[in-house]
Structure formats: C-alpha cells, structure tokens
Amino acid sequence: MPENQKNILIVEDEPSLVFTLRDTLEAENYNVTVISDGAEVIDAIKETEPDLMILDLMLPNRDGYEICEEIRSLKYTFPVIMLTARDQEIDKVTGLNIGADDYITKPFGVKELLARITARLRRANAYSKSGPVEILKLGPVKIDMNEAKVYKPDDIIEDLSTREVEIIEHLLKNANMPISRDDLLEKVWRYEYSTNTRTVDVHISKLRAKVEVNPDDPRYLVTLHGVGYMLKIN
Ligand code: CA
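All figures in this text were calculated on a predicted structure; none of them were measured in a lab.

Engineer: Hey, could you go over the sheet that holds strand 9 (residues 156-159) for me, with residue numbers and the actual values?
Structural biologist: Pairing between the strands of a sheet is mediated by backbone hydrogen bonds and can be parallel or antiparallel. With respect to topology, 4 strands assemble into an open sheet ordered 6-7-8-9, the strand pairing being antiparallel. Strand pairing shows two members of the sheet lacking a second neighbour, strand 6 (135-138) and strand 9, which therefore form its edges. Neighbouring strand axes in the sheet, compared pairwise and without regard to direction, differ in orientation by 20° on average. Pairing between strand 8 (residues 149-152) and strand 9: 4 bridges, direction antiparallel. Residue pairing for strand 9: Lys149 is matched across the bridge by Asp159. Sitting on the sheet, helix 8 (residues 197-211) touches strand 6, strand 7 (141-144), strand 8 and strand 9, and the angle it makes with strand 8 is about 45°.

Listed below in structure tokens is the structure:
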C-alpha cells in the first residue's frame, strides 16, 4: 500500500450502498474497510487506524450517535462524516453536537461525498499533531486552533467544533476586514443544503459566547450592522 494512501472506515449495513461506496473510494485510491455491525466499530478502528470514518446512523446493535460519542470520548480525532436518511434534520444537529464533523443525506451524489471527504482530510491534515500549533490571542482569551479549545480567565475552557474553528480561520485570514454572511456561507459552509444567513448568525452568536469575556459587549468578534462580521485583532 502506498505510504500516502488514506484509510477510510465505512460503517454501513446497506449492501448496495456499501458496494457503491467501496467501488468509488477505491477508484480514488483510498484504502477501504467496511463493517456493518455497530458493535464491531471500536475493534475495527484499533485495527485499521482510519484517517476518516463514514458512519451510518441506523445500524444493527448500536446506532451512529452512540458510536460517535464513544469514539470522541476515547479521544480519536479523525473526521467522521455521518450518513442520515432524508427527513432527519433534527438528527443532523444532534450528530454535529456529539462530534460528527459533517453529515450527508441519503440519497447523495458520489461527487458530493468525495468533495467532502477531500475537504475533511485536508483539514485533518492541516491540524494533525505534527502540524504547527497555532495560538490566537484575543485579549485575555487564548484560542488553541490545534486543540480546538478556548482558554478564558477564571480557568474556563470551551471546546470548539470543527465548524467553529473554520469560522475563526476564515475570519482570521480576513482579520480587521468586514466579512459578509454570504461570504461565510460560501467559504465555511460551501452552500450546504438547507443553510442560510441565519445559520451563520446562530453559529457566530454561539462562537461569540465562547471567545468573548463579555459576549453582550464583544470586543473582538463584532457585528457590523448591515454588513456582516469582523474579527478585530491588533
Ligand atoms: Ca443503515
């Protein structure tokens, strides 16, 4: 196996979908392992050391939520893309909250899945342990971009989601400049299904609560009325 070949672990119990996924991913030169039983996931992770996992929500013996929660509690950091059936909007939110990095709704296009896999692997690579540790200081608040943690006064520590790290990265690249909601939607959400500018507002507000000492009077992650947002740094 070539040294740079990435391992992808697929946890899915639908044979036709497994066939398509394996075929597509192997054609893209990924090293693919498939399991269909939720109870076997942890053993398979230990054995294959995946770079990324594709996780179906509905599985025999254990569901995708439970699995995702366990792998995060075991401190595995590889990206997880969750597969959900149509009309499971509420489940997507739960999925992201318990540590999935992305989700895709069945039925989905193979190209879309491949694009997301590439994006997640690229990010994971940029933030791998061997990569540079990046600390962003916002006044008394320190953000460890590598660990995705915020260290605030009074020993308060907040965890950042992958999405929140991406938002900060994008704002940081354009620090002290106004960024529109549409720009964030395009660059951070890549116009995912069912997102709109309100999605951006909700995420910024949550992020602000994590990175500002006084979120009601933000000093760094500020709103520019009628324009969008700006990350103010010195
Ligand atoms: Ca299933």
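Engineer: Can you explain the pairing of strand 3 (residues 52-56)? Please cite residues and give values.
Structural biologist: Counting buried positions along strand 3 gives 5 out of 5 residues, so the element sits mostly inside the fold. Burial along strand 3 is two-sided: the residues Leu52, Ile54 and Asp56 and Met53 and Leu55 are all buried. As paired elements, strand 1 (residues 7-11) and strand 3 share 4 bridges and run parallel to each other. Pairing of Ile10 across the sheet is with Ile54, part of strand 3. The sheet contact formed by strand 3 and strand 4 (residues 80-84) spans 4 bridges and is parallel. Looking at strand 4, one finds that Met53 is bridged to Val80.

Engineer: Would you mind going over the coordination of the calcium ion in detail, with residue names and values included?
Structural biologist: Of the protein atoms, only Asp13 (OD), Asp56 (OD) and Met58 (O) coordinate the calcium ion, at distances of 2.1 to 2.3 Å. Mapped onto the sequence, the residues coordinating the calcium ion show the spacing D-x42-D-x1-M. Taken together, the positions of Asp13 in the loop between strand 1 and helix 1 (15-27) and Asp56 in strand 3 put the pair 43 residues apart, joining distant regions of the chain. Given a relative accessible area of 4%, Asp56 falls into the buried group.

Engineer: Residues and numbers for the sheet that holds strand 4, please.
Structural biologist: Spatial ordering of the open sheet is given by 2-1-3-4-5, a layout of 5 strands whose pairing is parallel. This sheet does not close on itself; its edge strands, each paired only once, are strand 2 (31-35) and strand 5 (102-105). Adjacent strand axes in the sheet meet at a mean angle of 20°, parallel and antiparallel pairs treated alike. Pairing of strand 4 with strand 5 involves 4 bridges; the strand directions are parallel. Residue pairing in the sheet places Leu83 in a bridge with Ile104 of strand 5. Across the sheet, helix 1 lies against strand 1, strand 2, strand 3 and strand 4, angled at about 165° from strand 2, the strand it touches most. Set on the sheet, helix 2 (residues 41-48) makes contact with strand 1, strand 2 and strand 3; between it and strand 1 the angle comes to about 170°.

Engineer: Hey, could you go over the environment of Pro178 for me, with residue numbers and the actual values?
Structural biologist: Position of Pro178 relative to the elements: it lies in the loop between helix 6 (162-173) and helix 7 (181-189). In this structure Pro178 comes out as partly exposed when scored by relative accessible area, which is 49%.

Engineer: Before we move on, can you summarise the nonpolar core with the specific residues and values?
Structural biologist: Core analysis: the biggest nonpolar cluster contains 25 residues, and Ile143, Leu160, Ile167, Leu184 and Ile204 have the highest contact counts within it. If you list the elements that add at least two residues to this core, you get strand 6, strand 7, helix 6, helix 7, helix 8 and strand 11 (228-231). Residues in contact with Leu160, not counting those within four places in the same chain, are Ile143, Ala148, Val150, Val165, Ile168, Leu207 and Lys210. If you look at the next biggest cluster of nonpolar residues, it comprises 20 residues, including Met53, Leu57, Val80 and Ala100.

Engineer: So what's going on with the side chain of Thr195? Residues and values would help.
Structural biologist: Mapped onto the secondary structure, Thr195 falls in the loop between helix 7 and helix 8. Given a relative accessible area of 19%, Thr195 falls into the buried group.

Engineer: An account of helix 1 is needed here, citing residue identities and associated values.
Structural biologist: For helix 1, which comprises 13 residues, the first-to-last C-alpha distance of 18 Å matches the rise-based estimate of 18 Å (1.5 Å per residue) to within 8%. Residues of helix 1 that are buried: Leu17, Val18, Leu21, Thr24 and Leu25. The buried residues of helix 1 occupy one face: seen down the axis, they fall within an arc of 145°. Across helix 1 from its buried face, at more than 90 degrees, point the exposed residues Pro15, Phe19, Asp23 and Ala27.

Engineer: Describe the packing of aromatic side chains, listing the residues and the values that go with them.
Structural biologist: Taken as a whole and judged by the stated rule, the model has 1 aromatic pair. Between Tyr76 and Phe78, the aromatic rings sit 5.8 Å apart at their centres with planes inclined by 40°, giving tilted as the arrangement. Assessed through its relative accessible area of 9%, Phe78 is described here as buried.

Scoring rules and cut-offs
- Residues numbered from 1 in each chain as written.
- Predicted model: local features only at pLDDT ≥ 70, side-chain atom pairs only at ≥ 80, totals over all residues.
- Heavy atoms only, no water.
- Pairing = 2+ DSSP bridges.
- Helix = DSSP H or I, 4+ residues; strand = E, 2+ residues; numbered from the N terminus.
- Axes fitted to C-alpha atoms, helices over the stretch in contact; angles between N-to-C directions.
- Contact = heavy atoms within 4.5 Å.
- Buried < 20%, exposed > 50% of the residue type's maximum accessible area, 1.4 Å probe, protein only.
- Donors = N, O, S within 2.8 Å, 3.2 Å for Na, K, Ca; no water.
- Core = buried A, V, L, I, M, F, W, Y, C linked by side-chain atoms within 4.5 Å.
- Expected span 1.5 Å × (residues − 1).
- Arc of directions from axis to C-beta.
- Phe/Tyr/Trp six-rings, centres within 6.5 Å; stacked < 30°, edge-to-face > 60°.

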